[in-house]
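# Fold and geometry: a report
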Amino acid sequence: MTQPPAGRGVRIVGTGSSVPDQTLSNADLEKILDTSDEWIQQRTGIKTRRVVDKAAGGGTIGLACNSLASAVANTQTDPKDLELVICASVTQEMHCPSAACRAAHHVGATNAAAFDLGAACSGFVYGLNIADTLLRQGRYKKIAVIGSDAMSTVLDYSERSVSILFGDASGAVILESVEDPSLGCIYQSMGADASNWQCLYLPTRQVDVPEVDKDNPIALGNLRMNGREVFKFAVKKFLAVIEDAVEQSGVNIDDISQLICHQSNLRIIESAREKLGLEKERVYVNIDRVGNSSAGSIPLCLDEMNQAGKIKKGEKVLFVAFGGGLTWASSLWQL
Ligand code: ACO
């Protein structure tokens, strides 16, 4: 989609987030896996991550409830004004009811429709794009978009190649329809290609496991990943999605104040940043502290940036994500 639809615009009212208290550092992983802090930092940029206390009932739904509650409180939104709650996730403990339904109920959003969206790590940006489109039409006045994933609950910690990468987090944004059409998402793109789906998947039945992966030692119910394949895809796609957004929108890359990208792996982010010639200050990074939290990654970055005063009225920011599916998405915003 090259042009924002005519009509109304969209404003980011505010943000919230939630991360578990418990940390899982590289030193902790060294105790249970044949790995090292040095290897993990060199290959991923990660030092530590947050993980839910699964035994105590922690998980994706709880994180989603908390991040929405935090966004509602930070913005002093009357939860009854929310008309729709979208929650992007791939790790919900229950698929029915949705995590979005539970989060809406948790904050008292009794007038809101609610649904979950599954596009793996791209899910939050998919949600932003959908919400912006609905708000511009004027059919909805206020929408909350959440990204929430408790990746630690779908990792096999006896296997070192996947489990070192991920952590748990949730973030939420409240969006509002406004009169000025120049505000909000000025360019968006979303894509999917399942021709290589088996390089990142979460099987629960042996029958779904492709022949090439039948000897994978990771137990069913846990995430499986061909790191090298995903890495190649991510480096290429990340750059292509940004270049597409710049070309199609006609916005000069120098006029984008912040790139808010999925925290997949520091090497992937750095490779795109260097190829685009962007200064470090324009590409937010928190993967060192929280790991890759899938759909929770971008909204957590957004909330941290917002609380730090980095989300400024009048500026342009570009959200970029890619993930399982394989899927990808961009969303260029005029704040
Ligand atoms: N500690 C120590 N050694 C390890 C570990 C570990 N945790 N994991 C693998 N190794 C070893 C391997 O066994 C291999 O050894 P060998 O050469 O003797 O066979 C060696 O290290 C290299 O393994 P690779 O898998 O090639 O390592 P690579 O450099 O590709 O790094 C990684 C692995 C970090 C997973 C990388 O491929 C990656 O980040 N890929 C992208 C993953 C990603 O971004 N996924 C998420 C995107 S989408 C989403 O967020 C859901």
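Refer to the structure printed above.
Only a predicted model underlies this, so the values are computations on that prediction, with no experimental measurement involved.

Tallied over the entire structure, the rule returns 13 salt bridges. Via salt bridges that share partners, Arg11, Lys142 and Glu176 belong to a single interconnected network.

For the rest of this paragraph, the subject is the packing of helix α7 (residues 227-249) against helix α8 (residues 266-276). Where α7 contacts α8, the two axes come as close as 9 Å, and the packing angle between them is 40°. As the angle between them shows, α7 and α8 are arranged oblique. Remark: the crossing between α7 and α8 carries right-handed chirality. Contact residues: α7 offers Phe231, Ala234, Val235, Phe238, Leu239, Ile242 and Glu243, while α8 offers Arg267, Ile268, Ile269, Ser271, Ala272, Lys275 and Leu276.

On to helix α5 (residues 123-137), then. The first and last C-alpha atoms of α5 sit 22 Å apart over 15 residues, in line with the 21 Å expected at 1.5 Å per residue. Along α5, 11 of the 15 residues are buried, which leaves the element largely enclosed by surrounding structure. Buried within α5 we find Gly123, Phe124, Val125, Tyr126, Gly127, Leu128, Asn129, Ala131, Asp132, Leu135 and Arg136. Just downstream of α5 lies Gly138, where phi reads positive at about 85°.

Let us now look at the pairing of strand β12 (residues 316-323). Judged by how many residues are buried, β12 sits mostly within the fold: eight of eight residues are covered. Summarising the sheet, strand β11 (residues 256-261) and β12 pair through five bridges and their orientation is parallel. Along β12, the bridge assignment pairs Ile256 with Lys316. Pairing analysis gives eight bridges linking β12 to strand β13 (residues 327-334), with the strands arranged antiparallel. Pairing of Leu318 across the sheet is with Leu332, part of β13. Adjacent in sequence and paired antiparallel, β12 and β13 are bridged by three residues, among which Gly325 carries a positive phi angle near 140°.

Cut-offs used in this document
Residues numbered from 1 in each chain as written. Predicted model: local features only at pLDDT ≥ 70, side-chain atom pairs only at ≥ 80, totals over all residues. Heavy atoms only, no water. Salt bridge = Lys/Arg side-chain N within 4 Å of Asp/Glu carboxyl O. Axes fitted to C-alpha atoms, helices over the stretch in contact; angles between N-to-C directions. Helix = DSSP H or I, 4+ residues; strand = E, 2+ residues; numbered from the N terminus. Parallel < 35°, antiparallel > 145°, perpendicular 65-115°, else oblique. Left-handed = near helix turned anticlockwise from the far one by under 90°. Contact = heavy atoms within 4.5 Å. Expected span 1.5 Å × (residues − 1). Buried < 20%, exposed > 50% of the residue type's maximum accessible area, 1.4 Å probe, protein only. Pairing = 2+ DSSP bridges.

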